[in-house]
Amino acid sequence: AARYATEAMTTKAWPEPMWVMGQAYCMLSEQGFDAEYNLRRGNDFLTRGMQLAAAPVSPTLLMVDPTARATAASWLSTARAKLGDVDGAIQHAEACLAEQPERADVRENLTMLSAERARNQVRGGMVKLHELGKVPREAGAMVEAVLLVLQVRQVELGAGRRLENVVVAVVLDARNE
């Protein structure tokens, strides 16, 4: 795949070969082959493909896969999440869902990414409050503990359990330790 994508890239500036290269490198990363390096390469090729896709399209007689952009956006969302760019991952997950709203896997990832962004905002808010002298350091540690436990116990929140009950249980657990 890499050889044909490279030949296509040298022929014309199309986004599709960039996306194929990016997906190939991300797959290598998932299989454990120089994971960090291939993940970064995959992210770079997918990003370049998105940049090319944003440019005006020149007419072509070749058939263009209408799902290629959404598939590339899904891969790019996953790559960005693994690299720690939660906002970028959310942006590309939303782009994928705009074109393919039936993608339950991407919708689930978007939900998890949005929750991670919200947790990061809470952490950032606690740091700011501590810097302003409005909360002691221990309060930040307590909030961090609650966030971690909620993340682990998120699966247990079904069937009538209320979030407040879980928070109270976490606080009581912390007191007993």
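See the structure printed just above.
These figures come from a predicted structure and were not determined experimentally.

K.L.:
Teacher, can you tell me more about the overall build of the protein chain here?
P.N.:
Within the protein chain, the regular secondary structure consists of eight helices and zero strands. Reading the secondary structure of the protein chain in the N-to-C direction produces α-α-α-α-α-α-α-α. Residues classed as buried in the protein chain amount to 29% of the 177 residues present. Contacts in the protein chain between residues far apart in sequence, at least 24 positions, make up 50% of those at least 6 positions apart. Split by element, the accessible area of the protein chain, about 11400 Å² in all, is 59% carbon and sulfur.

K.L.:
Sorry if this is basic, but what is going on with the packing of helix H2 (residues 15–30) against helix H4 (residues 68–82) here?
P.N.:
Two quantities define a packed helix pair, namely the angle between the axes and the distance from one axis to the other. Packing of H2 against H4 brings their axes to within 10 Å, and their N-to-C directions diverge by 40°. Compared by their axis directions, H2 and H4 come out oblique. Our pair here, H2 against H4, has a crossing hand that is left-handed. Along the contact surface, H2 presents Glu-16, Trp-19, Gln-23, Cys-26, Met-27 and Glu-30, while H4 presents Ala-68, Arg-69, Thr-71, Ala-72, Trp-75, Ala-79 and Lys-82.

K.L.:
Help me understand the environment of Leu-129 in this model?
P.N.:
Among the secondary structure elements, Leu-129 is positioned in helix H6 (residues 104–131). Judged by its relative accessible area of 33%, Leu-129 falls in the partly exposed class. It is 9.0 Å that separates the C-alpha atoms of Leu-129 and Gly-140, two residues lying eleven residues apart in sequence.

K.L.:
How do you make sense of the pattern of salt bridges when you look at a structure like this?
P.N.:
Oppositely charged side chains can form a pair if their charged atoms are brought close together. Applying the stated criterion to the full structure yields nine salt bridges. For Arg-40, the salt bridge goes to Glu-36, with nearest N and O atoms at 3.0 Å. One end of the pair, Arg-40, and the other, Glu-36, are both in helix H3 (residues 35–54), four residues apart, so they sit about a helical turn from each other. Judged by its relative accessible area of 46%, Arg-40 falls in the partly exposed class. In this structure Glu-36 comes out as partly exposed when scored by relative accessible area, which is 45%. Two residues, Glu-116 and Arg-119, come together in a salt bridge whose shortest N-O distance is 3.0 Å. With Glu-116 and Arg-119 both in helix H6, this residue pair falls three residues apart, about one helical turn. Residue classification places Glu-116 among the partly exposed residues on the basis of a relative accessible area of 23%. When salt bridges with common partners are traced through the structure, they connect Glu-116, Arg-119, Arg-123 and Glu-144 into a single cluster.

K.L.:
What should I look at first to understand the packing of aromatic side chains in this one?
P.N.:
By convention here, two paired aromatic rings are described through the distance between centres and the angle between planes. Summed over the entire model, instances satisfying the criterion amount to one aromatic pair. For the pair Tyr-25 and Phe-45, a centre-to-centre distance of 5.7 Å together with 15° between the ring planes defines the contact as stacked. One end of the pair, Tyr-25, is in helix H2; the other, Phe-45, is in helix H3, with 20 residues separating them in the sequence. The exposure class of Tyr-25 is buried, given its relative accessible area of 12%.

Basis of the calculations
Residues numbered from 1 in each chain as written. Predicted model: local features only at pLDDT ≥ 70, side-chain atom pairs only at ≥ 80, totals over all residues. Heavy atoms only, no water. Helix = DSSP H or I, 4+ residues; strand = E, 2+ residues; numbered from the N terminus. Buried < 20%, exposed > 50% of the residue type's maximum accessible area, 1.4 Å probe, protein only. Contact = heavy atoms within 4.5 Å. Areas by Shrake-Rupley, 256 points an atom, 1.4 Å probe, with all protein chains shown as cover. Axes fitted to C-alpha atoms, helices over the stretch in contact; angles between N-to-C directions. Parallel < 35°, antiparallel > 145°, perpendicular 65-115°, else oblique. Left-handed = near helix turned anticlockwise from the far one by under 90°. Salt bridge = Lys/Arg side-chain N within 4 Å of Asp/Glu carboxyl O. Phe/Tyr/Trp six-rings, centres within 6.5 Å; stacked < 30°, edge-to-face > 60°.

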